[in-house]
Amino acid sequence: MSRMPRPTDRTLLRSVPLSLTSSRRGHSCKRRTTTNLTAARSSPEKAGGGGGVVNCSLLRTRRTSFVVAACVLLLVSPSVSVHAAEPVVREGVHLRLTSDVNDAALLADLVDSFDAAVPQWLAFWGLPANAADNWKVDGYLMRDADAFRRSGALPDTLPPFENGFATPTAIWVHYQSTVYYNRHLILHEGVHALAFTLFGGSGPSWYSEGTAELLATHRDRQRAERDPRQANGLLAQSAQEFRINELPQSVDDSPMWGRYRVVAERRQAGELPTLASVLKLPTELNGDVETYTWCWAAAMMLTAYDDTREAYLHAARQGRDSSPAFTTQFYRDISHQWPALRARWRLWLDDLEFGFDRARYRVGLSTDDPKYDGRNHSLNIDAARGWQSAGCWFPAGTLQLRAGGQCVIVAKENLQPSAEKAIAARDWLSTPAGITVHHHRGYPIGQLQVCVLPIPSAQDKKMAELDIQAPFFSRIVSAGDESTGSFADVATIQINSPSWVLFRINDAPGERGRYQRADNRRGYQVEIAR
């Protein structure tokens, strides 16, 4: 079996050191209580729009700074005024939240979500369910940070931060205009605080922020939706459930989150970062909108694939080490797949948008893939998945493609939340040419697309544009035509350097509860020949 060409440059990745320390565990609280030190009035805040991102700094002070900060916190009584009104304290199992935001529903939601997230964080890291039994942090949600600073609840020893900050025993978050983003920031800083306790730190910035973003991303617990693929109509997520590491399905699900917006803007501008550049990010991210997005995207991809997930999770145990050695060791652990990881990263960033589904957008390509043997190959391309590999790599030359068959692209009108509102509409029946009356990113839905993806070399320092081709002419098939089709369409593609060849059936990712790629059915048959 011929082996794939591999880059000769094995220069280890470098990153700037980051000083982390640990501290004592907090005290546990098995009973949830609420203390309202103000009048019983409540004024829930309106959720706002916008595309802000989090500037969640890591702990940068020395052990002596923690002692000073801890002493300051111990001297602060919950009854000290930090605003025009007394602060409100909401107490849970793992979070004691103090805030000058007099919104009982919001504070209850944040504490309950935090407590629900902790066992899921432990499960993510593969730790026992009782690993955080004695862990609890003080949290501060601040509308008027100056008032907290004057009271001593926000120590002067902390560096300036825009949105959030964490130590092993406390987290601080500036109040945001939407419930979702307040929740996201509280969870993000909570991940940092728990990592300090469990692992003595959370590693260099790319790993620390990527993990915190990954484990803070969630679907709004108040937006219960009906899953159309459940025949009994059960809710996909009830108001009693809360799950972390789940992707928002729309802007309405995640106001102010903004990660997909950043990706789309940089993708349009042709300025997507390489995976190596993300792993080389400096310690001081300074709240850069984009860097947090790339850290999250890398963490999501590295934990989505079986051949990198174990290395990523194991690295958490080395969280005390924020030096270049952390990244160097991680690179060694995954270096055998590095060319494939660079290729996956390029596809990953191209696919990220609302409706993205990690399971269905994973691409089965590997540095262990064999060389194309020159014989005819037949493939079945599934309409319910993203890019699908031919299962080998191809040397330079031409390929002859023949495509046939039909697939069903689900009509969004057929997936309304209630049967009473459903519009009687036929799903789209498509051939490899696609359906020209509907487009996604400039291509007809249902169209068979081909991507020639060069195997990255050590000399490639920038992200190249994807070579996506649509070699088959457009043709509409009647919804009543149930014929299976034949291998009538033939196309030739050119390969200029050793490459993978990928196929997909174009469609919008969709919106859960209405329509998704996963709802599509059947697919096309492709024959490959020289």
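Preceding this paragraph is the structure being described.
Residues numbered from 1 in each chain as written. Predicted model: local features only at pLDDT ≥ 70, side-chain atom pairs only at ≥ 80, totals over all residues. Heavy atoms only, no water.

(A) Fine view of the side chain of Asp 369. Looking at where Asp 369 falls in the secondary structure, it is placed in the loop between α12 (358–361) and β8 (377–382). Buried charge without a salt bridge: Asp 369, with Arg 344 as the nearest opposite-charge side chain at an N-O distance of 7.8 Å. Here the side chain of Asp 369 touches Ser 366 through a polar contact of 2.9 Å, landing on its backbone nitrogen. Polar side-chain contacts of Asp 369 include one of 3.2 Å to the side chain of Trp 500. (Helix = DSSP H or I, 4+ residues; strand = E, 2+ residues; numbered from the N terminus. Buried < 20%, exposed > 50% of the residue type's maximum accessible area, 1.4 Å probe, protein only. Lys, Arg positive; Asp, Glu negative; His and termini not counted. Salt bridge = Lys/Arg side-chain N within 4 Å of Asp/Glu carboxyl O. Polar contact = N/O pair within 3.5 Å; in protein donor to acceptor, adjacent residues only side chain to side chain.)

(B) Structural context of the packing of aromatic side chains. One pass over the full model with this rule turns up 24 aromatic pairs. Here Tyr 260 and Trp 296 contribute two aromatic rings whose centre-to-centre distance is 5.9 Å and whose plane-to-plane angle is 70°, an arrangement assigned as edge-to-face. Of this pair, Tyr 260 sits in helix α6 (residues 259–269) while Trp 296 sits in helix α8 (residues 289–304), placing them 36 residues apart in sequence. Here Tyr 260 falls in the buried class, since its relative accessible area comes to 4%. (Phe/Tyr/Trp six-rings, centres within 6.5 Å; stacked < 30°, edge-to-face > 60°.)

(C) Broad picture of the environment of Gly 126. For Gly 126, the position within the fold is in the loop between α2 (104–124) and β5 (137–142). Spatially, the C-alpha atoms of Gly 126 and Leu 313 are 8.2 Å apart, while their sequence positions differ by 187 residues.

(D) Geometry of helix α11 (residues 338–351). Helix length check: α11 (14 residues) gives 20 Å between terminal C-alpha atoms against 20 Å at 1.5 Å per residue, within 8%. Across the 14 residues of α11, 14 count as buried, placing the element largely inside the fold. (Expected span 1.5 Å × (residues − 1).)

(E) Spotlight on the packing of α6 against α8. Between α6 and α8, the shortest axis-to-axis distance is 9 Å and the interhelical angle comes to 100°. Looking at the two axes, α6 sits roughly perpendicular to α8. Seen from α6, the contacting residues are Arg 259, Tyr 260, Arg 261, Val 262, Val 263 and Arg 266; seen from α8, they are Val 289, Glu 290, Thr 293, Trp 294 and Trp 296. Of the residues that constitute the contact of α6 with α8, the class distribution is 6 nonpolar, 1 polar and 4 charged. (Axes fitted to C-alpha atoms, helices over the stretch in contact; angles between N-to-C directions. Parallel < 35°, antiparallel > 145°, perpendicular 65-115°, else oblique. Contact = heavy atoms within 4.5 Å. Nonpolar A, V, L, I, M, F, W, Y, C, P; charged D, E, K, R; others polar.)

(F) View of the environment of Gln 249. Along the chain, Gln 249 falls in the loop between α5 (205–216) and α6. With relative accessibility at 5%, the residue Gln 249 sits in the buried group. At a separation of 3.1 Å, a polar atom in the side chain of Gln 249 contacts the main-chain carbonyl oxygen of Leu 247.

(G) Local environment of the pattern of salt bridges. Evaluated as defined, the whole model comprises 19 salt bridges. Salt-bridge contacts for Arg 259 lead to Glu 213; the nearest nitrogen and oxygen are separated by 2.7 Å. One end of the pair, Arg 259, is in helix α6; the other, Glu 213, is in helix α5, with 46 residues separating them in the sequence. Overall, Glu 213 belongs to the buried group, its relative accessible area being 0%. Across the pair Glu 241 and Arg 243 runs a salt bridge, and its minimum N-O distance is 3.1 Å. The partly exposed category is assigned to Glu 241, whose relative accessible area is 35%. The exposure class assigned to Arg 243 is partly exposed, which follows from its relative accessible area of 24%. A cluster of three or more residues bridged by salt bridges with shared partners is formed by Glu 91, Arg 96, Lys 136 and Asp 138.

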